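Descriptive analysis of the structure
Residues per chain, in single letters:
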Amino acid sequence: PYDPYTPRAGPSTKPDNTKEGDAKTAAVQDELDETVGLIRENIQKVAERGEKLDDLGRKTEQLEVSAKGFRRSARDVRKVRHAVSLCIAPMLTGNDLGPTLHSECGKCALTTTIPFY
């Protein structure tokens, strides 16, 4: 039976000029070395890109948490501002000491007098 790994007993497939064969082999080896170098660079770049994507994912999660906190803070500010416009602003009056918040508000049960300067 035929076995491709067993050398054949026939004319040699080696080139007659061994210097020419060595030059071709060296050229092929140089191309292989260059290709291996490019593959290694590409693998390194892919790894770096993966690290950058991981960093971007972490930053996105942090930004999401910050956005939720900002949304809560904005909502609280909006509520306070609304309360000020409905309850506190109508109670402000001017006098010799400057604007003063009077003592009672039926809507928010505010019972103190606070000077505003």
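This is a predicted model, so every value here is computed, not measured.

1. A closer look at the pattern of salt bridges
- All chains considered together, the criterion is met by two salt bridges.
- Here aspartate 55 and arginine 58 are joined by a salt bridge, their closest N and O atoms 2.3 Å apart. Of this pair, aspartate 55 and arginine 58 both sit in helix 1 (residues 18-88), three residues apart, which is roughly one turn of the helix.
- For arginine 58, a relative accessible area of 44% corresponds to the partly exposed category.
- Across the salt bridge formed by lysine 68 and glutamate 64, the nearest N and O atoms sit 3.9 Å from each other. Of this pair, lysine 68 and glutamate 64 both sit in helix 1, four residues apart, roughly one helical turn.
- The class for lysine 68 is partly exposed, based on a relative accessible area of 39%.
- Residue glutamate 64 is classed as partly exposed on the basis of its relative accessible area of 46%.

2. Notes on the confidence of the model for the protein chain
- Per-residue confidence for the protein chain gives a mean pLDDT of 75; residues scoring 70 or more make up 57%.
- Mean pLDDT values over the elements of the protein chain span from 48, in strand 3 (residues 114-115), up to 89, in helix 1.
- Per-residue pLDDT stays below 50 along residues 99-103; that stretch engages in 27 contacts with residues further than four places along the chain or on separate chains.
- Contacts of residues 109-117 to residues separated by more than four positions or lying in other chains number 24 contacts, the stretch itself having pLDDT below 50.

Reading guide: rules and limits
Residues numbered from 1 in each chain as written. Predicted model: local features only at pLDDT ≥ 70, side-chain atom pairs only at ≥ 80, totals over all residues. Heavy atoms only, no water. Salt bridge = Lys/Arg side-chain N within 4 Å of Asp/Glu carboxyl O. Helix = DSSP H or I, 4+ residues; strand = E, 2+ residues; numbered from the N terminus. Buried < 20%, exposed > 50% of the residue type's maximum accessible area, 1.4 Å probe, protein only. pLDDT = per-residue confidence, 0-100. Contact = heavy atoms within 4.5 Å.

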